[in-house]
Amino acid sequence: MAELRFSSVSVRYGPQTVVRDVSIAVASGGVLGLVGESGSGKSSLARAAVGLASLAQGRISVDGAALATGRGRSRAVQMIFQDPFASLDPRMSIGATIAEALPASGRRPRSGRAAEVARLLDLVGLDPARAGSRPGQLSGGQRQRVAIARALAARPAFIIADEITSALDVSVQGAILNLIKNLRTELGLGLLFISHNISVVRYVSDTIAVMWEGALVETGPAERVLASPQHAYTRELLATARDSALTMEGS
C-alpha cells in the first residue's frame, strides 16, 4: 500500500523553528486530519511536502522514495490551497489552468486535452461548458472546485488540502467537504486534510493528528482522539468546537 510519510521533519524560517520533529504517515486511500490553531506549523509542514518550504531536518517520502524538490519535484503529491482566487491565474481560463497541470502525455492531441479537462470539471461537479470562464467569473466554491480539478489533473497518489473550506461561506463548506469525501472513495486517493477546525476534521478523517506550537502532541484513530483525547490542547480544541456549536444553535 502506497504511503506518504513525514519522518522527523523540522522546518525553519530564519532562526525560528516552526515545525519540530514531526512524524506522521498518510496511507493510500486514507484521510489524515491535521488540526491546530493558526501558527501551529501545520501549513508549513504541508508546504515542505510540495517544495515550498525547505527541510531543516528529516525526510518526506512516497513509498520509501524521498520527494524531489525544484524542477524535478514529484507529481505524486499535489496541494490545494486555502484561497482559490489567489491560487488561480486570473488571466487564464479555467480550462487552460487545468490543462497546464496535465502530464505531458495528457497534453496531446488538443482534442484529448479538452476531453480530459471536461472529464475533470464534471468530476468536481462543474459544467464542462465553464472551461472558457475565468476565475473572476466564478463563485468562491466554484473556484475551489477548479483548484481541486487542477490538483487531480496531475494524477497524484496524494492530495494535501490546506484549510480549503475556511475562505468559503458556511453554506458552501459542506458541499466541498462532501466532494472531497466522494473523490477519496472514487479515486482511492490518500489525503492530508489540514484545518484549524476540529469539527471539520472530524467529518472527513480516519486518523487525527494534533499540532501545537510546531510539535505533534497527539495522534490516533479519529474515534479515539475525539472520544478520549489525551492531551490538554486537544481537549481545548474540542471544547472550543462545542462552544461554537452551542453559540450557533442559540443565535
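Definitions and limits used
- Residues numbered from 1 in each chain as written.
- Predicted model: local features only at pLDDT ≥ 70, side-chain atom pairs only at ≥ 80, totals over all residues.
- Heavy atoms only, no water.
- Core = buried A, V, L, I, M, F, W, Y, C linked by side-chain atoms within 4.5 Å.
- Buried < 20%, exposed > 50% of the residue type's maximum accessible area, 1.4 Å probe, protein only.
- Helix = DSSP H or I, 4+ residues; strand = E, 2+ residues; numbered from the N terminus.
- Contact = heavy atoms within 4.5 Å.
- Expected span 1.5 Å × (residues − 1).
- Arc of directions from axis to C-beta.

A. Structural detail: the nonpolar core. Counting 48 residues, the largest nonpolar core has Ile98, Leu120, Ile148, Leu152, Phe193 and Ile208 as the members making the most contacts within it. Element by element, the count of residues in this core is highest for helix 5 (residues 140-153), at seven residues. Apart from residues lying up to four places away in sequence, isoleucine 98 is in contact with Val117, Leu120, Leu121, Val146, Ala149, Arg150 and Ala153. Ranked by size, the runner-up nonpolar core spans 28 residues in total, among them Val11, Leu45, Ala49 and Leu67.

B. Local environment of helix 4 (residues 110-123). With 14 residues, helix 4 ought to run about 20 Å at 1.5 Å a step, and its terminal C-alpha atoms sit 20 Å apart, in line with that. All of the buried residues in helix 4 are Glu116, Val117, Leu120, Leu121 and Leu123. Along the axis of helix 4, the buried residues cluster in a sector spanning 160 degrees; they form a single face. The exposed residues of helix 4 that point more than 90 degrees off its buried face are Ser111 and Asp122. The inward-facing, buried residues of helix 4 abut helix 3 (94-100), helix 5 and helix 6 (170-187).

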